[in-house]
Amino acid sequence: MGIEEYGGGQSSKSDILIVTTNDVPGHRVDQVIGEVFGLTVRSRHLGSQIGAGLKSLVGGELRGLTKTLVETRNQAMERLTEQARARGANAVLAMRFDVTEAADVGTEVCAYGTAVVISSL
């Protein structure tokens, strides 16, 4: 697997800027739209759980689980982007991820932030 399979973040072609900072240098916030989020819940795959259990005996990276988490985070970010776009934003500030267990059957990943309209100074 290549490094591109273990990375994330938004596409360079995206019309919505997503940052983890509270502002964007060289831009001003013209309008605060409010909180937006993208949510996905993934169930555990029995095969990957068994493989992860065996791998944990000898140590090392759990590549299958790493790839699944990257895909899950990317899906949550795509949904965040869609919601921001639908509400008229061109940026999301202070983006964060929240990851929790969902009733012992899966993992919930939520990408959230503040949707805003920004413009250049």
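A. The arrangement of the side chain of T81 in detail. By secondary structure assignment, the location of T81 is in helix α2 (residues 63–86). For T81, a relative accessible area of 10% translates into the label buried. Among all residues touching T81, those that are not within four sequence positions of it are S14, I16 and I18.

B. Layout of the side chain of T40. Relative to the elements of secondary structure, T40 occurs in strand β2 (residues 27–43). Judged by relative accessible area, T40 falls into the buried class, the value being 5%. Those residues in contact with T40 that sit more than four places away from it in its chain are T72, Q75, A76, R79, T107, E108 and V109.

C. How the structure looks around the pattern of salt bridges. Evaluation of the coordinates by the stated rule reveals two salt bridges. Between R85 and D15 there is a salt bridge, and its shortest N-O distance comes to 2.7 Å. Separated by 70 residues along the polypeptide, R85 in helix α2 and D15 in the segment before β1 (17–18) bring together distant segments of the chain. Given the relative accessible area of 39%, R85 is considered partly exposed. By relative accessible area, D15 is classed as partly exposed at 47%. Note that D30 is salt-bridged to R28, the shortest N-O span being 3.0 Å. Under the relative-accessibility criterion, D30 is labelled partly exposed at 43%. Since its relative accessible area comes to 42%, R28 is described here as partly exposed.

What counts, and at which threshold
Residues numbered from 1 in each chain as written. Predicted model: local features only at pLDDT ≥ 70, side-chain atom pairs only at ≥ 80, totals over all residues. Heavy atoms only, no water. Helix = DSSP H or I, 4+ residues; strand = E, 2+ residues; numbered from the N terminus. Buried < 20%, exposed > 50% of the residue type's maximum accessible area, 1.4 Å probe, protein only. Contact = heavy atoms within 4.5 Å. Salt bridge = Lys/Arg side-chain N within 4 Å of Asp/Glu carboxyl O.

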